[in-house]
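# Examining the three-dimensional arrangement
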Amino acid sequence: MSDTTDLLERLVGFDTVSRHSNLELIAFIERYLAEHDVPFTRIDNDDGSKANLLARIGPGVAGGVVLSGHTDVVPVDGQPWSSDPFTLTDKGDGRLYGRGSCDMKGFIASALAQVPQWQASDLQRPIYLAFSYDEEVGCLGAPRLIERLMADAPTPAAVIVGEPTLMAPVVAQKGITNLRTTVTGREAHSSQVRQGVSAVHVAARLVTRIEDIMAELVSEGRVDPLFNVPHSSLHVGKIQGGTAINIMARECHFDWEIRHLPTDGFEALFERFQHYAESLIHDLRPRAPQIAIHTEHLTETVPALADRDNRAAVTLCQSLLGATDSEAVAYATEAGQFQRAGLPTVICGPGSIAQAHQPDEYLEVAQLEAADAFMAALGQRLASID
């Protein structure tokens, strides 16, 4: 346990907020792996400012297990922390405080701490460490990491994505797409409302339509009770437009998201929004020929994780944990990307998602101990396979 805590302290000490580079953290892990004779591959982003890391402990044969974790964390700007967020702090209350302690450097530290034992245990199937960049801003690094894994390694039997689940196996997650819609209207004096079309007013109607779509999904029975929010959710997070209170706005844009159930998919939900947008343009164009509504992707769609073709991963986790039940989560992870590549995937890691992204983020010491026990059991299992 002390080795895990020491490693977590080092990992938290690297400021890997997504807007910054993660290369110092990656170099630290590389040095650690090299000390234990573990081969690894660095997979850079386009400009070389960030990197994924893929390592293998054990033989280069099929049937291994991938442990996936992201190295980036969310910002601390404006949050009322009671201690330095980039210094792991033990306040004697059974919790370890620090940005990323829960989401999800605790999982990475636990895996790294077990490397010496795995190396000494004569694994019959390999354990892969797959550490990515930019998960928090759209799961941007994982695709090229997965591409390298599938190209260079015999096919693994299971992937475990170590997001915080209180060490309970999660078999499904929602997908997510981040969008920006820009409305172009026609400026006019606000006293002459028939001369113009306010982009702000049009945007308001679109925002209302976004919320109405959720109500339609529920009334149509498009729900999955495995999720705590049992329907696909659509949410507008930011809106900006107009130049003055007495000018009908020429432009307004808003940023929004669609978190879709595995059974829904992004395209069908977006089509409902797009159909309404086109109807608004049709109705308003006689008054303002220049009216336009344009929606762009801020990130590529992160696929959902569906509870299918995953028995190898689920059974492995349940047997190591002594668990029988499985859960679903509303947040997005890289798990759907691994599943899309054809790999049986489950989400399971220490800590609670309720602590993620919060000021004074923490990881319960008991959760870190549970992760260590899980990692040790995984090594024992893969060493005993004939």
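Before going into details, it helps to say that this report is about the structure given with it. (Residues numbered from 1 in each chain as written. Predicted model: local features only at pLDDT ≥ 70, side-chain atom pairs only at ≥ 80, totals over all residues. Heavy atoms only, no water.)

## Describing the nonpolar core
One finds Ile 29, Leu 33, Leu 67, Leu 112, Trp 118, Leu 129 and Ile 160 to be the most contacted residues of the largest nonpolar core, which totals 55 residues. Residues within four places of Leu 112 in sequence aside, it is in contact with Leu 7, Ile 29, Tyr 32, Leu 33, Leu 129 and Phe 131. Formed by 28 residues, the second largest nonpolar core is a distinct cluster that contains Leu 234, Phe 254, Ala 277 and Ile 281. (Core = buried A, V, L, I, M, F, W, Y, C linked by side-chain atoms within 4.5 Å. Buried < 20%, exposed > 50% of the residue type's maximum accessible area, 1.4 Å probe, protein only. Contact = heavy atoms within 4.5 Å.)

## Digging into the sheet that holds strand S4 (residues 89-90)
In space, the three strands of this open sheet follow the order S4-S5-S15, with antiparallel pairing throughout. The strands lining the two open edges of the sheet, one partner per strand, are S4 and strand S15 (362-364). Relative to strand S5 (residues 95-97), S4 is paired through two bridges, and the arrangement is antiparallel. By the bridge assignment for S5, Asp 90 is matched with Leu 96. Where helix H3 (residues 101-113) meets the sheet, it contacts S5 and S15, and its direction lies at approximately 55 degrees from that of S15. (Pairing = 2+ DSSP bridges. Helix = DSSP H or I, 4+ residues; strand = E, 2+ residues; numbered from the N terminus. Axes fitted to C-alpha atoms, helices over the stretch in contact; angles between N-to-C directions.)

## Comments concerning unusual backbone geometry
Glycine aside, negative phi is the norm for most residues, and most peptide bonds take the trans geometry. Residues Asp 103 and Met 104 are joined by a peptide bond in cis, for which omega reads -10 degrees. By the element assignment, Met 104 lies in helix H3. The phi torsion at Asp 122 lies on the positive side, around 55 degrees, for a residue other than glycine. Judged by its relative accessible area of 56%, Asp 122 falls in the exposed class. At Asp 134, a residue that is not glycine, the phi angle is positive and equals roughly 60 degrees.

## Quick look at helix H6 (residues 199-219)
The end-to-end C-alpha distance of H6, which contains 21 residues, comes to 30 Å, matching closely the 30 Å that a straight helix rising 1.5 Å per residue would cover. Where the residues of H6 are buried, they touch strand S9 (175-184), strand S10 (233-241), strand S11 (251-260), helix H7 (266-284) and strand S12 (292-297). N-cap assignment for H6: the residue whose side-chain oxygen lies 3.2 Å from the backbone N of Val 200 is Ser 198. Positive backbone phi, approximately 80 degrees, marks Gly 221, located one or two places after H6. (Expected span 1.5 Å × (residues − 1). Polar contact = N/O pair within 3.5 Å; in protein donor to acceptor, adjacent residues only side chain to side chain.)

## Comments concerning the environment of Tyr 276
For Tyr 276, the location among the structural elements is in helix H7. Taking C-alpha positions, Tyr 276 is 7.8 Å from Arg 209, a pair spaced 67 residues apart along the chain. Leaving out residues up to four positions away in the same chain, Tyr 276 has contacts with Arg 205, Leu 206 and Arg 209.

## Details of the pattern of salt bridges
Under the defined criterion, the tally for this structure stands at 15 salt bridges. The shortest N-O distance in the salt bridge between Asp 134 and Lys 50 comes to 2.6 Å. With Asp 134 in the loop between strand S6 (127-132) and helix H5 (142-152) and Lys 50 in the loop between strand S1 (40-44) and strand S2 (51-57), this pair connects stretches of sequence that are 84 residues apart. Lys 50 matches Asp 134 in its accessibility class, with the two residues each being buried. In this structure, Arg 222 engages Asp 264 in a salt bridge whose closest nitrogen and oxygen atoms are separated by 2.7 Å. One end of the pair, Arg 222, is in the loop between H6 and S10; the other, Asp 264, is in the loop between S11 and H7, and 42 residues separate them in sequence. Overall, the relative accessible area of 31% leaves Arg 222 in the partly exposed class. The network of salt bridges with shared partners includes Arg 209, Glu 216, Glu 220 and Arg 272. (Salt bridge = Lys/Arg side-chain N within 4 Å of Asp/Glu carboxyl O.)

## Quick notes on the packing of H3 against helix H10 (residues 365-384)
The contact between H3 and H10 brings their axes to 9 Å, and the two run at 40 degrees. Put simply, H3 runs oblique to H10. The handedness of the crossing between H3 and H10 comes out as right-handed. Contacts from Gly 106, Phe 107, Ser 110 and Ala 111 of H3 reach H10 at Leu 368, Ala 371, Asp 372 and Met 375. For the contact of H3 with H10, the class distribution of residues is five nonpolar, two polar and one charged. (Parallel < 35°, antiparallel > 145°, perpendicular 65-115°, else oblique. Left-handed = near helix turned anticlockwise from the far one by under 90°. Nonpolar A, V, L, I, M, F, W, Y, C, P; charged D, E, K, R; others polar.)

## A word on the sheet that holds S11
In a beta sheet, neighbouring strands pair by backbone hydrogen bonds and run either parallel or antiparallel. The strand order S10-S11-S9-S12 describes an open sheet built from four strands, whose pairing is antiparallel. A single partner strand is all that each edge strand has here, and the edge strands are S10 and S12. Here the strands of the sheet are splayed against their neighbours by 20 degrees on average, with no regard to which way each runs. Where S9 meets S12, six bridges bridge the pair, whose relative direction is antiparallel. Its bridge partner lying in S12, Val 183 is registered against Ile 293. Across the face of the sheet, H6 comes into contact with S9, S10, S11 and S12 while running at roughly 170 degrees to S10.

## Description of the packing of aromatic side chains
Taken as a whole and judged by the stated rule, the model has six aromatic pairs. When the centroid spacing of 6.4 Å and the interplanar angle of 25 degrees are considered together, the rings of Trp 256 and Phe 270 count as stacked. Of this pair, Trp 256 sits in strand S11 while Phe 270 sits in helix H7, placing them 14 residues apart in sequence. Just as Trp 256 is buried, Phe 270 falls in that class too. Under the relative-accessibility criterion, Trp 256 is labelled buried at 3%. (Phe/Tyr/Trp six-rings, centres within 6.5 Å; stacked < 30°, edge-to-face > 60°.)

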